[in-house]
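# Working through the structure, step by step
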Amino acid sequence: MHTKTIAQLADDLANKKYSSVELTQHYLARINKYDKILNSFITVTEEMALAQAKAADELRAKGQAALLTGIPYAHKDIFCTKGIKTTCASKMLDNFIAPYDATVTQKLHDAGMVMLGKTNMDEFAMGSSNETSYYGPVKNPWDITTVPGGSSGGSAAAVAGRLAPMSTGTDTGGSIRQPASYCNLTGLKPTYGRVSRWGMIAFASSLDHGGVLAQSAEDSALLMEEISGFDAKDSTSVNTVVPNYKAMLNNSIKGLKIGLPKEFFCGKLDSVVADKVNTAAKALEKLGASLHEITLPNIGLSIPAYYVIAPAECSTNLSRYDGVRFGYRCKDPKDLNDLYCRSRSEGFGSEVKRRILIGTMVLSADSYEAYYVKAQQVRRLIREDFIQAYQQVDLILSPTTTSVAFGIGEKSNDPITMYLSDLYTAATNLAGLPSLSLPAGFINDLPIGFQLIGNHFEEGLLLNTAHQYQQVTDWHLQMPKEFQ
Amino acid sequence: MSGNFTPEQVKHVARLAALNMDEASIPTVCAALSKTFQLIAQLQEVDTTDVAPMCHPLDAKQLLRADEVTEHDLRDVLLAGAPATEAGLILVPKVIE
């Protein structure tokens, strides 16, 4: 069962090949067997999952099942789940039982899906390797000495190891797409505002995006239809119709114009990675698309701009963790200031504290104009470059990551090297553009993805193009031998 | 602001951020912050004259809603998560002498 995609599982359940309870038990048994190796889950919600599966089977018996009724999934531990521990992989929220469901949680519940548990992640979504979690690092099922990527590392590892057929994720600088690349998955970060952020614990509010990590573009399309849509509770949610992504998958891509930014394909890109990405581009060309060189002149500033804006917004968002109303409180505070400072210092890990310090610095009175305002100006220039490019092309193609998954501990002592992992991904968070990473092949037996970037609200075109690519390649069907 | 942080600058920002800094970690933190600011300094190389800052990727306007209470009786639910409570109130160390 675990070698099947969600589309196939939905079919099997509809044809009563097995029940949702049997399917859920199968995944729970795999989690029990393999997660001690991967550490991809923080909380496994066994009882609740079986209750949801039973309810799904009852609905199906009454002829009321919908497409995804009874299908299990894993949920990144950044989404609030009512009555269930929601930690953001931080000691600060180790004791936090969410009093409400995030909109994404509610939507998947309404779709009749079965939540297996909450997945591990970098603390407060800050990281690119899942090494900053309070609950320990996550291992990449393709090679357990390597990282799965981050911050949605637990989500990626769980799906790559087929402990779940799909997982939710979030992406602020690349946190869905980079793990997707490292773990041989299809990971979609939609347009900003496409998926509600209500109940999605905030890291950087203008950069955070909810999305999915799945086995295929087809699966991603099915899930995106469920989780997308306007939400009055999220004031940045966009009120535009959610297209029928599934119906768009089989459109021909003949005549599609694909841009390759010359700044991404210059000498700095590793030639083996470049080769994989160019091979993927050629495959799309064979399907009828045309390739064009484009320029994004300011793209090189996306990392500096990101590492001003994200820490700035994080320092504001994380000021709510003060030990007063919820979360971790230090023992025996001597006064209010001691309560704040010790709760925060003891509750947050070092990467989180580092980013809060950077953010506080760039927002301080004598630095605000030179750093924060400047970064927001550069942000507009980056977005304008993309708008210009979309006058000439329909989609942009690029690498997702600079390399395959790196070794655990290899970059954790050098934050700057870690930050540069976001080189190809952070720009689309700044510009709010939808972008997707999908498998392009293997380098030394480790997976590597390539990225497609669309104009605002062009998720359908991204998924369509990815699906067409996945009809003529089988990278995405591979899974690690040890977990088969 | 220069790219090289002094311990005093780091301690000042830590105070603003309500974070304690232990003396032993200050050199490492200074070094990490200095490196980050060297990265960020690249932003100064580009001309942004007459470019409006962009806080929202779609330049959207803040939506407003009617000023009506939509959530009622949440006190017990919200207090359940508080570290210390008494008589429906959250307890903190004495503020006023």
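Conventions adopted
- Residues numbered from 1 in each chain as written.
- Chains lettered and ligands numbered in written order.
- Predicted model: local features only at pLDDT ≥ 70, side-chain atom pairs only at ≥ 80, totals over all residues.
- Heavy atoms only, no water.
- Contact = heavy atoms within 4.5 Å.
- Salt bridge = Lys/Arg side-chain N within 4 Å of Asp/Glu carboxyl O.
- Polar contact = N/O pair within 3.5 Å; in protein donor to acceptor, adjacent residues only side chain to side chain.
- Helix = DSSP H or I, 4+ residues; strand = E, 2+ residues; numbered from the N terminus.
- 1 Å grid on protein atoms, 1.4 Å probe; cavity = no way out; pocket = protein on both sides within 12 Å on 5 of 7 lines; lining within 4 Å.
- Points joined across faces, edges and corners; volume = space filled by probe spheres on them.
- Nonpolar A, V, L, I, M, F, W, Y, C, P; charged D, E, K, R; others polar.
- Patch = residues over 30% accessible without salt bridge, like charges linked within 9 Å, V, L, I, M, F, W, Y side chains within 5 Å.
- Areas by Shrake-Rupley, 256 points an atom, 1.4 Å probe, with all protein chains shown as cover.
- Axes fitted to C-alpha atoms, helices over the stretch in contact; angles between N-to-C directions.
- Parallel < 35°, antiparallel > 145°, perpendicular 65-115°, else oblique.
- Left-handed = near helix turned anticlockwise from the far one by under 90°.
- pLDDT = per-residue confidence, 0-100.

## Thoughts on the interface of chain B and chain A
Taken together, the contact pairs 47 residues of chain B with 65 residues of chain A. In this assembly, chain B and chain A are joined by two salt bridges. In this structure, Asp59(B) engages Arg380(A) in a salt bridge whose closest nitrogen and oxygen atoms are separated by 3.0 Å. There are 17 residue pairs in polar contact (both at pLDDT 80 or more) connecting chain B and chain A. For the side of chain B that touches chain A, the elements supplying multiple residues, two or more each, are helix 1 (7–16), helix 2 (26–40) and helix 3 (75–79) of chain B. Here the side of chain B that touches chain A gets eight residues from one element, more than from any other, and that element is helix 2 of chain B.

## Regarding empty space enclosed by the protein
The probe, sized like a water molecule, is rolled over the atoms to show the empty space still left. All names here are of chain A. Inspection of the entire model under this criterion finds two cavities of 30 Å³ or more. Volume-wise, the largest cavity comes out at about 60 Å³. Every residue lining the largest cavity is counted, 14 residues in all, and those nearest its centre are Gly 127, Ser 128, Ser 175, Tyr 306 and Asp 422. Partitioning the lining of the largest cavity into residue classes produces five nonpolar, seven polar and two charged. Within this model, the second largest cavity holds a volume of roughly 40 Å³.

## A closer look at a nonpolar patch on the surface
Taken together, the side chains of Ile90(B), Val92(B), Val95(B) and Ile96(B) define a hydrophobic patch exposed on the protein surface, amounting to about 350 Å² of accessible area. In this structure, Ile90(B) sits in strand 2 (residues 89–90).

## A look at the layout of surface pockets
Residues and elements named next belong to chain B. Approximately 1,000 Å³ is the volume found for the largest pocket. In terms of residue count, the dominant contributor to the lining of the largest pocket is helix 3 (three residues). Looking at side-chain class alone, the lining of the largest pocket contains 19 nonpolar, eight polar and seven charged residues. Counted as a void, the second largest pocket has a volume near 470 Å³. Split by residue class, the lining of the second largest pocket holds eleven nonpolar, five polar and four charged.

## Concerning the packing of helix 12 (residues 350–363) of chain A against helix 2 of chain B
Where helix 12 of chain A meets helix 2 of chain B, the axes come as close as 11 Å, and the angle between the chain directions of the two elements is 55°. Between helix 12 of chain A and helix 2 of chain B, the angle is such that the two are oblique. The crossing of helix 12 of chain A and helix 2 of chain B is right-handed. The segment helix 12 of chain A lies against helix 2 of chain B, with Arg354(A), Leu357(A), Ile358(A), Met361(A) and Val362(A) engaging Val29(B), Ala32(B), Leu33(B), Thr36(B), Phe37(B) and Ile40(B).

## Quick word on the confidence of the model for chain B
Across chain B, the average pLDDT comes to 90, with 97% of residues at 70 or higher. Here the complex is predicted with pTM 0.97, and the ipTM for its interfaces comes to 0.94.

## Structural notes on the environment of Tyr372(A)
All names here are of chain A. Turning to its location among the elements, Tyr 372 is positioned in helix 13 (residues 368–389). Residues Tyr 372 and Val 147 lie 225 residues apart in sequence; the distance between their C-alpha atoms is 32 Å. In this structure Tyr 372 touches Val 308, Ile 309, Ala 312, Glu 313, Val 362, Leu 363 and Ser 367, once residues within four positions along its chain are discounted.

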